[in-house]
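Each chain, letter by letter, is given below.
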Amino acid sequence: MNIRWVFFIPLFIVNLHFQYHFKFMLESKLCQAVIKAVHALYGLELAEKDITLQKTRREFTGDFTVAVFPFVRASRKSPEITAAEIGQHIKDNIEEVFDFNVIKGFLNLSLSKIYWLQFLNNNFRQTDFGFTTSKENEVVMIEYSSPNTNKPLHLGHIRNNLLGWSVAEILKANGKNVVKVNLVNDRGIHICKSMLAWQKWGNGETPETSGIKGDHLAGKYYVLFDKNYKTEIADLIANGMEKESAEKQAPLILEAQEMLRKWEAKDDAVIQLWKRMNNWVYEGFEQTYTRMGIDFDKTYYESSTYLLGKSIVEEGLDDGKLIRKPDQSVWADLTEEGLDEKLLLRADGTSVYMTQDLGTAHLRYHDYQPKQMIYVVGNEQNYHFDVLKLVLKKLGYNWADTIQHLSYGMVELPAGKMKSREGTVVDADDLMDEMEKTAYEKALELGKIDDFESEDAKHLYYTIAMGALKYFILKVDPQKNMLFNPTESIDFNGHTGPFIQYTHARIKSLLKKALDEIKPADAEIEMLPKEKEIIRLLHDYPSIIKLAGEGRSPALIANYIYELAKEFNAFYQEITILKEENEELRNFRLVLSVFTSNIIKSAMGLLGIAVPERM
RNA sequence: GGUCCCGUAGCUCAGUUGGAUAGAGCAACAGCCUUCUAAGCUGUGGGCCACUGGUUCGAAUCCAGUCGGGAUCACCA
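Residues numbered from 1 in each chain as written. Chains lettered and ligands numbered in written order. Predicted model: local features only at pLDDT ≥ 70, side-chain atom pairs only at ≥ 80, totals over all residues. Heavy atoms only, no water.

Enquirer: I'm lost on the pairing of strand β6 (residues 177–184) in this one. Help?
Expert: Strand residues, when the strand is regular, have side chains that alternate between the two faces of the sheet. Counting buried positions along β6 yields eight of eight residues, so the element is predominantly enclosed. Side-chain alternation along β6 places Asn-177, Val-179, Val-181 and Leu-183 on one buried face and Val-178, Lys-180, Asn-182 and Val-184 on a second face that is also buried. Here five bridges tie strand β5 (residues 139–143) to β6, and the two strands are oriented parallel to one another. Among the inter-strand pairings, Val-139 is bridged to a residue of β6, identified as Asn-177. What joins β5 to β6 is helix α7 (residues 155–173), and the crossover it makes is right-handed. (Buried < 20%, exposed > 50% of the residue type's maximum accessible area, 1.4 Å probe, protein only. Helix = DSSP H or I, 4+ residues; strand = E, 2+ residues; numbered from the N terminus. Pairing = 2+ DSSP bridges. Right-handed = clockwise from strand over helix to strand, strands pointing away.)

As structure tokens, this is what we get:
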């Protein structure tokens, strides 16, 4: 028992900084050890980059593995002998390395039990383990959601919102000073369509009188506009007009365009209607965001940035950086950069999408001077962002390079891509309703909520429904298109959010029953392979957070935490914890459990997924 | 047609800067609840990592080409 004191006294004076770098320090130390060994043995100079240090695969003995093939030219010996010599050198010089073995040209290093136990004991209670707690001064701005105010949010927005929010959390965990912003596309012809249809056929209907959520109500009139517009086009074509002219001359579209002109001229009645309907929509959005657990630090409105965009363009024109065509439209010539010319102002002086984005970027830059501006926008807009950056550079804004487009793949339905016009959208609110309903039915079926108060039960299946939905979306690499099949509802078993939530609830239940006061693990216990595997996974967490931050990929967190939960479940099933009679072993397993539950909670938190105490 | 992205088990997806015998889940089949929560665990079957060539000690991963799928090249946003 003296051993314990020798080992554990120094652990309590370790500071946070050291703990965060626990893993990185070790990996770096091992790399340095390899470099020194290779230099001492063969006189070869290497940098850390030249060393491939990786976790030892499960089927071999060891913790970290170095491939020595790159060094055999210098050693002039077989890979086996080279590895053995390097291994011996490291074992003799690095105290954490307890043993080594060589298979083919792979050198497997085993760390001492003491190292792993120190790691556990230092960190198992920390709820922010793996997080960078010191905050950088420079701002990283991230934009996501960016809805139009003429229709409710759909599945595509769900992926966007969840990604943006999660990436923001992951960046915070990496010590970034993050500002989350939304950009609301609140002006333009699409809004006028909803407004016009409501004016014509709405009979004064409001969210209150109809009981319809505001964003859905606006969407209803947008659809109604489109329906009647199509009828008009069909009538005109039946009367012998070409399709193209029919689309341009249908009375409804002309009326909508007239409304947009009035809006730009600040016509009082139109502005009043616009404000009224947009406010309905904002209330609707707010409910959806809240339910989704999404929030923003700042909201920008296109209606208040498009004028700035226009003035930027005018300025560029005066400086001779842009060109005006005979019809008075204004363009950026990007042919030197390998792209086309891009329209920035129409002949009638009104602005386009790009114009307002120039204004928005400018405004944001001057509001926060961010080091980076990340835009979470679908990959269908890759070209738009290439152009945006080039135009800004052309205009002489050297901060154009701070813009980074976080381009994510489309959510596809079995029939193909979602299209609002074709009515093949999956509505966000409907989907969440559906998920909750399924979660409720499952819980009922399994008898999970029998002894819950009704409010608690409701909260539980909300938590599980959102867990299933969010995990389903976030576990996929953002870059890739993903498939969502509405008829096969999202699973609650297997590689899913509820699986991980369940693992957490199980651990919490276990800890509630534990009568012991949990203390640092004893140095003399023997670890089983499954226990060791869990520790190794826990040890990975900080580097996963770092990778996820650099790659802007919540999927890395999602897949990591699944691995951990799976490993813990296998351990839980096979090995008794509370009923273990050896007190030190029981304590050690409880330490593992506490640490695992903390990391599950922390990692799921980065995905925006709550974990229940029981389920 | 130009540019960009993708192609891994029947389906949905993982696969760290190139490393050892390519992994999960779902679906199918077979087991495990008088013992810490069975939304769990264990096992079986299922693969020319689209194809061809190249780089190298080593390629699902890098390069070139071919074939498939998607996006984009709007005075829509």
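Enquirer: Looking at this model, I keep getting lost on the nonpolar core. Mind explaining?
Expert: The tendency in soluble globular proteins is for nonpolar side chains to be buried as a group. The biggest cluster of nonpolar side chains holds 127 residues, and the ones touching the most others in it are Ile-90, Ile-561 and Phe-588. Element by element, the count of residues in this core is highest for helix α22 (residues 583–606), at twelve residues. For Ile-561, the contacting residues outside a window of four places in its chain are Tyr-471, Ile-500, Ile-599, Ile-600, Ala-603 and Met-604. With 32 residues, the next largest nonpolar core counts Met-141, Ala-361, Val-387 and Leu-395 among its residues. (Core = buried A, V, L, I, M, F, W, Y, C linked by side-chain atoms within 4.5 Å. Contact = heavy atoms within 4.5 Å.)

Enquirer: What's the story with a negative patch on the surface in this structure? I'm lost.
Expert: A cluster of acidic residues, Asp-430, Glu-434, Glu-441 and Glu-445, forms a negative patch at the surface. Position of Glu-434 relative to the elements: it lies in helix α17 (residues 428–445). For Glu-434, a relative accessible area of 42% gives the class partly exposed. (Patch = residues over 30% accessible without salt bridge, like charges linked within 9 Å, V, L, I, M, F, W, Y side chains within 5 Å. Areas by Shrake-Rupley, 256 points an atom, 1.4 Å probe, with all protein chains shown as cover. Salt bridge = Lys/Arg side-chain N within 4 Å of Asp/Glu carboxyl O. Lys, Arg positive; Asp, Glu negative; His and termini not counted. Charge placed at Lys NZ, Arg CZ, Asp CG, Glu CD.)

Enquirer: Sorry if this is basic, but what is going on with the protein's contact with RNA strand B here?
Expert: Around RNA strand B, the structure places 65 residues, and the nearest of them are Lys-448, Tyr-502, Lys-513, Tyr-572 and Lys-579. Within 4 Å of the protein, the atoms of RNA strand B are drawn from sugar and phosphate moieties in a proportion of 64%. Here a phosphate oxygen of RNA strand B and a side-chain polar atom of Lys-104 are 3.4 Å apart. Here a sugar or linking oxygen of RNA strand B and a side-chain polar atom of Tyr-562 are 2.8 Å apart. (Near = heavy atom within 4 Å. Polar contact = N/O pair within 3.5 Å; in protein donor to acceptor, adjacent residues only side chain to side chain.)

Enquirer: I'm lost on the environment of Leu-273 in this one. Help?
Expert: Residue position: Leu-273 is located in helix α13 (residues 268–292). Along the chain, Leu-273 and Ile-473 lie 200 residues apart, while their C-alpha atoms are 37 Å from each other. Residues in contact with Leu-273, not counting those within four places in the same chain, are Met-195, Trp-198, Gln-199 and Met-259.

Enquirer: Would you explain the confidence of the model for chain A in this entry?
Expert: Low-pLDDT stretches of the model should not have their predicted coordinates read in fine detail. Here chain A shows a mean pLDDT of 91. Residues at 70 or above account for 95%. Scored by ipTM, the complex comes to 0.96, with pTM at 0.93. (pLDDT = per-residue confidence, 0-100.)

Enquirer: Sorry, what's going on with the packing of helix α20 (residues 529–550) against helix α21 (residues 554–574) here?
Expert: Relative orientation and spacing of two packed helices are given, respectively, by the angle between their axes and the distance between those axes. Running from amino to carboxyl end, α20 crosses α21 at an angle of 170°, the nearest separation of the two axes being 10 Å. In terms of orientation, α20 lies roughly antiparallel with respect to α21. On α21, the residues that touch Lys-530, Glu-531, Glu-533, Ile-534, Leu-537, Leu-538, Asp-540, Tyr-541, Ile-544, Ile-545, Leu-547 and Ala-548 of α20 are Leu-556, Ile-557, Tyr-560, Glu-563, Leu-564, Glu-567, Phe-568, Ala-570, Phe-571 and Glu-574. Broken down by class, the residue content of the contact of α20 with α21 amounts to 15 nonpolar, no polar and seven charged. (Axes fitted to C-alpha atoms, helices over the stretch in contact; angles between N-to-C directions. Parallel < 35°, antiparallel > 145°, perpendicular 65-115°, else oblique. Nonpolar A, V, L, I, M, F, W, Y, C, P; charged D, E, K, R; others polar.)

Enquirer: Would you explain the sheet that holds strand β8 (residues 323–324) in this entry?
Expert: Whenever strands of a sheet pair, they do so through backbone hydrogen bonds, lying parallel or antiparallel. An order of β8-β9-β10 is seen for the three strands of this open sheet, with the pairing classed as antiparallel. Bordering the open sheet on either side are β8 and β10 (341–345), each of which pairs with just one other strand. Here β8 pairs with strand β9 (residues 330–333) via two bridges, running antiparallel. Its bridge partner being in β9, Ile-323 is matched across the sheet by Trp-331.

Enquirer: What's the story with the sheet that holds strand β4 (residues 106–111) in this structure? I'm lost.
Expert: Overall, antiparallel pairing links the four strands, which are arranged β1-β2-β4-β3 in an open sheet. Bordering the open sheet on either side are β1 (53–55) and β3 (97–103), each of which pairs with just one other strand. Within this sheet the neighbouring strands show an average axis-to-axis angle of 30°, counted without direction. Inspection of the sheet shows β1 paired to strand β2 (residues 64–67) by three bridges, in the antiparallel sense. From the neighbouring strand, Gln-54 faces β2, where its bridge partner is Thr-65.

Enquirer: Just to check I follow, could you spell out the side chain of Asp-186 for this structure?
Expert: Looking at the secondary structure, you find Asp-186 in the loop between β6 and α8 (189–201). An unpaired buried charge is present at Asp-186: no salt bridge exists, and Arg-187, the closest side chain of opposite charge, is 6.0 Å distant. Separated by 3.3 Å, the side chain of Asp-186 and the backbone nitrogen of Glu-302 make a polar contact. If near-sequence neighbours (up to four positions away) are discounted, Asp-186 is found in contact with Thr-149, Ile-191, Trp-274, Asn-278, Tyr-282, Tyr-301, Glu-302 and Ser-303.

Enquirer: What am I meant to see in the pairing of β9 here?
Expert: In β9, alternate side chains face the same way, and those of Val-330 and Ala-332 are buried while those of Trp-331 and Asp-333 on the opposite face are not. Once β8 ends, the chain turns through five residues before running back antiparallel as β9, passing Gln-328 with a positive phi of about 80°. Sheet topology places β9 next to β10; four bridges connect them, and they run antiparallel. Bridging across to β10, Trp-331 finds its partner in Leu-343.

Enquirer: Which parts of the structure should I look at to understand the pattern of salt bridges?
Expert: Any two side chains of opposite charge can pair, so long as their charged atoms come close to each other. In this structure the tally under the stated criterion is 40 salt bridges. Measuring nitrogen to oxygen at the nearest pair gives 3.0 Å for the salt bridge that ties Glu-96 to Lys-29. Within this pair, whereas Glu-96 is found in the loop between α5 (79–93) and β3, its partner Lys-29 is found in helix α3 (residues 22–42), the two being separated by 67 residues in sequence. By relative accessible area, which is 15% here, Glu-96 ends up buried.

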